[in-house]
Amino acid sequence: MKNPFRFWMTGGAAMILAALSGGTRAVGMEERPSHTRVSRYSVEETVSRIEASALRHGLPVLARLQPAAHTRAEREQALPQLVIVLESSQGGTPVSMDGPNGPPALLLSVTVRQGQGGATEVWFSDGAFDEIPDGMTPEVRHDLADLPIVVDEA
């Protein structure tokens with residue numbers, strides 16, 4: 001992943017909600033390299049398993065949210081979906097922006113949703129940067145590197 005325009009840590013609910021209001025996947029996922037997994041479990045069971053795995057890795061759950069559908073058509077066609085925002089072992093969750101007007105990305109978030117074919121899909125950010133952004137501690141970098149392991153264990 002290229003280096004972010006801006007990087008910071010937050011524990012603020014307002015920032016998390018603002019970031020999640022921008023789309024249906026973990027924020028800005030369409031523009032960033034991402035990982036995708038398919039789970040053999042339901043959305044709820046997959047979320048529970050990811051949360052348990054995250055706790056074993058020292059990453060508490062900061063938020064568990066269901067993104068709101070904005071239009072009537074979205075509400076009628078909505079498939080089950082939950083976003084898990086994890087807290088770094090250092091406290092707070094890492095956020096990055098690719099540009100001055102870009103959407104904030106919650107780097108320790110996982111989106112679990114039911115796909116059109118009925119399979120449970122798990123989406124999460126790559127979390128890798130060309131260079132370590134200013135303000136990113138080695139512990140946070142380790143937490144980001146652990147995210148695929150957390151998901152795979154679930």
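Let me begin by describing the structure that accompanies this report.

Thresholds, definitions, all that
- Residues numbered from 1 in each chain as written.
- Predicted model: local features only at pLDDT ≥ 70, side-chain atom pairs only at ≥ 80, totals over all residues.
- Heavy atoms only, no water.
- Helix = DSSP H or I, 4+ residues; strand = E, 2+ residues; numbered from the N terminus.
- Contact = heavy atoms within 4.5 Å.
- Areas by Shrake-Rupley, 256 points an atom, 1.4 Å probe, with all protein chains shown as cover.
- Salt bridge = Lys/Arg side-chain N within 4 Å of Asp/Glu carboxyl O.
- Buried < 20%, exposed > 50% of the residue type's maximum accessible area, 1.4 Å probe, protein only.
- Core = buried A, V, L, I, M, F, W, Y, C linked by side-chain atoms within 4.5 Å.
- Polar contact = N/O pair within 3.5 Å; in protein donor to acceptor, adjacent residues only side chain to side chain.
- Arc of directions from axis to C-beta.
- Phe/Tyr/Trp six-rings, centres within 6.5 Å; stacked < 30°, edge-to-face > 60°.
- Lys NZ or Arg CZ within 6 Å of the ring centre and 35° of its normal.
- Pairing = 2+ DSSP bridges.
- Axes fitted to C-alpha atoms, helices over the stretch in contact; angles between N-to-C directions.
- 1 Å grid on protein atoms, 1.4 Å probe; cavity = no way out; pocket = protein on both sides within 12 Å on 5 of 7 lines; lining within 4 Å.
- Points joined across faces, edges and corners; volume = space filled by probe spheres on them.
- Nonpolar A, V, L, I, M, F, W, Y, C, P; charged D, E, K, R; others polar.

1. Some words on the overall build of the protein
When helices and strands are counted, the protein shows 4 helices and 8 strands. The secondary structure elements of the protein, listed N-terminal to C-terminal, are β-α-β-α-β-α-β-β-β-β-β-α. Long-range pairs, those at least 24 residues apart, make up 73% of the contacts in the protein between residues at least 6 apart in sequence. Accessible surface, the protein: about 7800 Å² in total, of which carbon and sulfur atoms supply 50%.

2. Quick word on the pattern of salt bridges
Think of it this way: side chains of opposite charge can pair up when their charged atoms draw near. Under the counting rule described, the total for this entry stands at 5 salt bridges. Between Arg37 and Asp152 there is a salt bridge, and its shortest N-O distance comes to 2.7 Å. Of this pair, Arg37 sits in strand 2 (residues 34–39) while Asp152 sits in helix 4 (residues 138–153); the two residues are 115 residues apart in sequence, bridging distant segments of the chain. For Arg37, a relative accessible area of 25% puts it in the partly exposed group. Linking Arg49 and Glu45 is a salt bridge whose minimum nitrogen-to-oxygen distance equals 3.8 Å. Here the residue Arg49 and the residue Glu45 both occupy positions in helix 2 (residues 43–56), the gap between them amounting to 4 residues, near one helical turn. Ionic contacts of the salt-bridge type, sharing partners, join the residues Glu44, Glu51 and Arg64 into one network.

3. Quick word on the nonpolar core
Grouped burial of nonpolar side chains is what soluble globular proteins tend to show. By size, the foremost hydrophobic cluster in this structure holds 24 residues, and its most contacted members are Ile50, Leu86, Val110, Val112, Val122 and Leu144. Take this core: its biggest share by element is 5 residues, from helix 4. When neighbours within four sequence positions are excluded, Leu144 is seen to be in contact with Pro94, Leu107, Leu108, Gly127, Phe129 and Met136.

4. Side note on the side chain of Thr46
With respect to the secondary-structure elements, Thr46 resides in helix 2. Reaching out from Thr46, the side chain makes a polar contact with the backbone oxygen of Ser42 at a distance of 2.8 Å. Apart from residues no more than four positions distant in its own chain, Thr46 is found in contact with Ser39, Tyr41, Val112, Thr120 and Val122.

5. A word on helix 1 (residues 13–20)
All of the buried residues in helix 1 are Ile16, Ala19 and Leu20. On an axial view of helix 1, the arc spanned by its buried residues comes to 95°, and they lie on one face.

6. Quick look at the packing of aromatic side chains
Any pair of aromatic rings gets described here by the distance separating the centres and the angle formed by the planes. Summed over all chains, the structure comprises 0 aromatic pairs. Over the face of the ring belonging to Trp8 we find Arg6, whose NZ or CZ atom lies 4.3 Å from the ring centre.

7. Side note on the sheet that holds strand 3 (residues 61–65)
Read across the open sheet, the 5 strands follow the order 2-8-7-4-3; overall the sheet is antiparallel. With partners counted over all chains shown, the strands left at the sheet margins are strand 2 and strand 3, one partner each. The average angle at which neighbouring strand axes cross in this sheet is 20°, direction not considered. Helix 4 contacts strand 2, strand 4 (81–86), strand 7 (109–114) and strand 8 (120–125) of the sheet and is inclined by roughly 165° relative to strand 8.

8. Considering the layout of surface pockets
Of the pockets and cavities examined, the second largest pocket occupies roughly 170 Å³. Arg37, Val38, Ser39, Arg40, Tyr41, Thr46, Ile50, Val122, Val151, Asp152 and Ala154 are the residues that line the second largest pocket. No other element matches the 3 residues that strand 2 contributes to the lining of the second largest pocket. Residue classes in the lining of the second largest pocket are distributed as 6 nonpolar, 2 polar and 3 charged.

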